[in-house]
Amino acid sequence: MNDWFMWFIILWSIFIFVMVAIGGYFMFRKFLKKMPKEDGKSILDWQDFYIQQTLHLWTDEKKALLNELVEPVPELFRDVAKGKIAGKIGELALKENADEMTEDLIIRGYILATPKRDHKFLRKKLQEKGIDATPYESYFSMSS
């Protein structure tokens, strides 16, 4: 019984160490995003600024489109992803002095805010909705 208990303690210790390391990694990433840049605002501050400044431009239809586009993201991370994407869309809308959110702004913002590995889900969703992805090819190649 001593050998079994010793192995249990060793495996449990490894499991706890791995979980703490994973949690620490994500906490450190969040900490770095909260650090102020040269302009005095952090990445998350700017994201919140863009969302607040463009909140009145969103219609229920466009919010539904954004919700549809982020469906492939696991539910645990969906709110964070939606915030990042909405921040990028808001940034584009402010730069272009948009009067309302358009499908074009939402798609371009989604492409620019997400990593390339997520673009296959967007292409699939656009195809399902009957939207031509050809005008956005240049954005697919320039995103992170």
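One numbering rule holds for all chains: residues counted from 1, following each sequence as written. For this predicted model, a pLDDT threshold of at least 70 governs which residues receive local features, and a threshold of 80 or more governs which side-chain atom pairs are given and counted, while totals over whole chains, interfaces and linings are taken from all residues. Working from all heavy atoms in the structure, the side-chain values ignore hydrogens and water.

The protein appears in an unreviewed UniProt entry as DUF2621 domain-containing protein from Salisediminibacterium beveridgei.

## Quick look at the layout of surface pockets
Heads up, the rule is: The distinction between a cavity and a pocket rests on a 1 Å grid over the protein atoms alone: a 1.4 Å probe fits inside a cavity but cannot get out, while a pocket stays open yet meets protein on both sides within 12 Å along at least five of seven lines, and a residue with an atom within 4 Å of a point counts as lining. Grid points are joined across faces, edges and corners, and a volume is the space filled by probe spheres set on the points. Numbering of helices and strands runs from the N terminus; a helix is a DSSP stretch of H or I covering at least four residues, while a strand is a stretch of E covering at least two. Side-chain classes are defined by residue name, with Ala, Val, Leu, Ile, Met, Phe, Trp, Tyr, Cys and Pro counting as nonpolar, Asp, Glu, Lys and Arg as charged, and the others, Gly among them, as polar. Domain delimitation in this document rests on an assignment produced automatically or drawn from a domain database.
Counted as a void, the largest pocket has a volume near 1100 Å³. Together, 30 residues line the largest pocket, and Arg29, Lys33, Val80, Ala81 and Lys84 are the ones closest to its centre. Secondary-structure elements contributing two or more residues to the lining of the largest pocket are helix 1 (2–34), helix 2 (43–54), helix 4 (75–95) and helix 5 (103–113). Ranked by residues supplied to the lining of the largest pocket, first place goes to helix 4 with nine residues. Broken down by class, the residue content of the lining of the largest pocket amounts to 18 nonpolar, four polar and eight charged. Residues from two domains meet in the lining of the largest pocket; each of domain 1 (1–35) and domain 2 (43–142) gives at least three. Put simply, the second largest pocket is a space of about 150 Å³. Ile51, Thr54, Leu55, Trp58, Lys63, Leu66, Asn67, Lys82 and Ala86 are the residues that line the second largest pocket. Looking at the lining of the second largest pocket, the elements that each hand over two or more residues are helix 2, helix 3 (60–69) and helix 4. With three residues, the single largest contributor to the lining of the second largest pocket is helix 3.

## A few points about the UniProt feature "transmembrane region" (unreviewed entry) in the protein
Let me state the cut-off plainly: UniProt positions are given in the numbering used here, feature names are shortened, and annotations may be inferred rather than shown by experiment.
Summarizing the sequence annotation, UniProt attributes the feature "transmembrane region" (unreviewed entry) to residues 6–28 in the numbering used throughout. Split by type, residues 6–28 is 100% helix and 0% strand. Its first and last C-alpha atoms lie 33 Å apart.

## Some remarks on helix 4
Worth spelling out the cut-off: Given a helix with a known number of residues, its expected span is that number minus one, times 1.5 Å. Categorising residues by exposure relies on relative accessible area from a 1.4 Å probe, with only protein chains included: less than 20% of the type maximum marks a residue as buried, more than 50% marks it as exposed, and the intermediate range marks it as partly exposed. Residue contacts are counted whenever heavy atoms from the two residues lie within 4.5 Å of one another.
Across its 21 residues, helix 4 extends 30 Å between first and last C-alpha, which sits within 8% of the 30 Å expected from 1.5 Å per residue. For helix 4, the complete set of buried residues consists of Ala81, Gly83, Ile85, Ala86, Gly87, Ile89, Gly90, Glu91, Leu92 and Ala93. Contact partners of the buried residues in helix 4: helix 2, helix 3 and helix 5. Just downstream of helix 4 lies Asn97, where phi reads positive at about 50°.

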